[in-house]
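# Tertiary structure, described
Spelled out, the chains give:
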Amino acid sequence: MIPLLLLVNMSLTFCWTYLDLFIMLVGISLAARFNQVTDRIKRMENMIIPESFWTEIRSHYLLLNELVLYVDDRLSLILLLSCASNLYFVCLQLFNSFTSNYSDIISTVFFWFSLLFVMGRAVCCLLCVASIHEATKGPLRILRRVPTKHWSVELGRFSRNIAKDTIALTGRKFFYITKRLVLVMAGTVVTYELVVFDQVDKENASAGENGTHPCNWTTRQHVLYYLTGCYQLLNIFNILPYTTSQIYFWYSLIYLILRSLCLLLCTSEINDQSKRPLVILKTIPTYAWCVELDRFIHQTSKETICLTGMRFFFFTRKLVLSMIGTVVTYELVLMQFDLNKNEVDTHENEIVFRYDCVNPL
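Just so you know, these numbers come straight off a predicted model, no measurement behind them. Residue positions within a chain follow its written sequence, with the count starting from 1. Thresholds applied to this predicted model are a pLDDT of at least 70 for local features of residues and 80 or more for the giving and counting of side-chain atom pairs; totals over whole chains, interfaces and linings are not thresholded and use all residues. Water and hydrogen atoms were dropped before computing side-chain values, which therefore reflect all heavy atoms in the structure.

In this section: the nonpolar core. Buried Ala, Val, Leu, Ile, Met, Phe, Trp, Tyr and Cys residues form a nonpolar core when they are joined through side-chain atoms within 4.5 Å. Any residue under 20% of the maximum accessible area for its type is buried, any over 50% is exposed, and the rest in between are partly exposed; the area is computed with a 1.4 Å probe on protein chains only. Of all hydrophobic cores here, the largest spans 40 residues; its most connected members are Phe34, Trp54 and Phe158. Elements supplying a minimum of two residues to this core: α1 (2–43), α2 (51–99), α3 (105–136), α4 (138–143), α5 (153–164) and α6 (179–207). Whether two residues are in contact is decided by their heavy atoms: any pair within 4.5 Å suffices. Excluding its chain neighbours within four sequence positions, the residues that come into contact with Trp54 are Ile41, Ile49, Leu143, Glu154, Leu155 and Phe158. Residues Val90, Phe111, Leu115 and Val189 belong to the second largest nonpolar core, which totals seven residues. Secondary structure follows DSSP: runs of H or I at least 4 residues long count as helices, runs of E at least 2 residues long count as strands, and numbering of each begins at the N terminus.

Written out as structure tokens, the structure reads:
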């Protein structure tokens, strides 16, 4: 029976790996086709191009769009299963890091290799598929630089199609696979990790265990806190013995918060200022209207002009609220940790007190 289970497990592992590799290759190939369209437009940049060229380019772009929709209809269920399975196995490996004890170096090395391999493969799979969406927006940056005297109706239709349409593979139409999805899944994993922290801390505290597995509480706690940038909030619940230490702690905490807030607000000001001309442009009377004004309004209203973090997120004011919400959620989790720790300490003190009363010296 055991050899049969091992054979089934090995077969499923090969199928899972092949599935992810197949999805990566599909994403890379579709993105390469859109990049070919972009390269063809780049070669014709700064040249007088007839309208027939843009008609041909737009027809090719629409054919690629239809190809993406066709592939999505056939593979959307597979993509959904791949994202779900990758997320599940990442969370499972993280859970096993709390529940399994590794006494030898080989088991520890194998655990870390398997964890990093699963996480790396999941990220690579998402980035390869998300490259399709990034490649579809490539021609838009070139079309924005076409002078008005060479502008035509076909160019206007082409640029609007690129700007408005979201061309990407989906997970059964539930979500689009873009770079933002990577951050969403990473946030889900971090939330799961914090919940597991809480449960494991309760069990270890009640059992009086410190944990001997390679990802013990203290090490992983500090790594996660440094990665999330919320390490200072952890120290709120620590009792500082000296007044000087307390003053330094609150000064450093407020300084870090204000510095981060100023950084976000200054960078998001780029996006705010890029929308300022739109208010004035809408007040221009009809007799002064022209094609250049129409293009300018369309670019100002539809295009997101701001700094980005490798296209994973945009520095806008919405990001400020998102990060504040993340910090507040993190703080609530820390409060729960502190309450559980105090309850365990109180329970242990009561046990010691009762033991002393029953067995006096």
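The structure having been displayed, the exposition proceeds.
Attention now goes to the packing of α5 against helix α11 (residues 291–302). Close contact between α5 and α11 brings their axes to 11 Å; oriented N to C, the two are set at 10°. If you check the angle between α5 and α11, you find them roughly parallel. Residue-level contacts link Arg160, Ala163 and Lys164 of α5 to Asp294, His298 and Lys302 of α11. Gly is placed with the polar residues, together with every amino acid not listed as nonpolar (Ala, Val, Leu, Ile, Met, Phe, Trp, Tyr, Cys and Pro) or charged (Asp, Glu, Lys and Arg). When grouped by side-chain class, the residues that make up the contact of α5 with α11 number one nonpolar, one polar and four charged. The convention used is that axes are lines fitted to C-alpha atoms, helices contributing only their stretch in contact, and that angles between N-to-C directions extend from 0 to 180 degrees. What sets the label is the angle itself: under 35 degrees gives roughly parallel, over 145 gives roughly antiparallel, 65 to 115 gives roughly perpendicular, and the rest give oblique.

A few words on the side chain of Thr316. Here Thr316 is to be found in the loop between α11 and α12 (317–358). Given the relative accessible area of 15%, Thr316 is considered buried. Discounting residues that sit within four places of it in the chain, Thr316 has contacts with Ser268, Asn271 and Cys306.

Before going further, it helps to spend a moment on the side chain of His133. With respect to the element layout, His133 can be found in helix α3. On the accessibility criterion, His133 (17% relative accessible area) is buried. For His133, the contacting residues outside a window of four places in its chain are Thr166, Ile167, Ala168 and Thr178.

Turning next to the pattern of salt bridges. It is possible for side chains of opposite charge to pair when their charged atoms get near one another. We define a salt bridge as a contact between a side-chain nitrogen of Lys or Arg and a carboxyl oxygen of Asp or Glu at a distance within 4 Å. Across all of its chains, the model carries 10 salt bridges by this definition. Residues Arg145 and Glu45 are paired through a salt bridge, measuring 2.9 Å at the closest nitrogen-oxygen approach. Residue Arg145 is located in the loop between α4 and α5, and its partner Glu45 is located in the loop between α1 and α2; the two are separated by 100 residues in the primary sequence. Through salt bridges that share partners, Glu269, Asp272 and Arg317 make up one connected network.

On the surface, a cluster of nonpolar side chains totalling about 930 Å² of accessible area is made up of Trp250, Ile254, Leu258, Leu261, Leu265, Leu321, Ile324, Val328, Leu332 and Met335. Only α9 (243–274) and α12 provide two or more residues apiece to the nonpolar patch. Its location among the elements puts Leu265 in helix α9. Patch definition: residues above 30% relative accessible area lacking any salt bridge, with like charges linked at up to 9 Å and the nonpolar side chains Val, Leu, Ile, Met, Phe, Trp and Tyr linked at up to 5 Å. Each accessible area is a Shrake-Rupley result for a 1.4 Å probe, and residues are judged covered by the shown protein chains and nothing else.

Bringing the confidence of the model for the chain into the picture now. Predicted coordinates in areas of low pLDDT are best not read in detail. Here pLDDT means the predictor's own confidence in every residue, given as a number from 0 to 100. Across the chain, the average pLDDT comes to 80, with 79% of residues at or above 70. Low confidence marks residues 210–215, where pLDDT is under 50. Its contacts with residues over four positions away, or in another chain, come to 17 contacts.

The description of two helices packed together rests on the angle between their axes and the distance between the axes. Between α1 and α3, the least distance of the axes is 8 Å, while the angle of their chain directions is 25°. It follows that α1 is roughly parallel to α3 by the angle criterion. In this structure, α1 crosses over α3, and the sense of that crossing is left-handed. Residue-level contacts link Trp16, Thr17, Asp20, Ile23, Met24, Gly27, Ile28, Leu30, Ala31, Phe34, Asn35 and Thr38 of α1 to Val118, Arg121, Cys124, Cys125, Cys128, Val129, Ser131, Ile132, Ala135 and Thr136 of α3. Each residue belonging to the contact of α1 with α3 can be placed in one class, and the counts come to 14 nonpolar, six polar and two charged. Less than a right angle of anticlockwise turn of the near helix away from the far helix marks a crossing as left-handed, whereas a clockwise turn marks it as right-handed.

For the rest of this paragraph, the subject is α1. Its 42 residues place the ends of α1 61 Å apart at the C-alpha level, agreeing with the 62 Å of an ideal helix rising 1.5 Å per residue. Among all positions of α1, only Trp16, Asp20, Ile23, Met24, Val26, Gly27, Leu30, Ala31, Phe34, Val37, Thr38 and Ile41 are buried. In this scheme, a helix's expected span is set at 1.5 Å multiplied by one less than its residue total.

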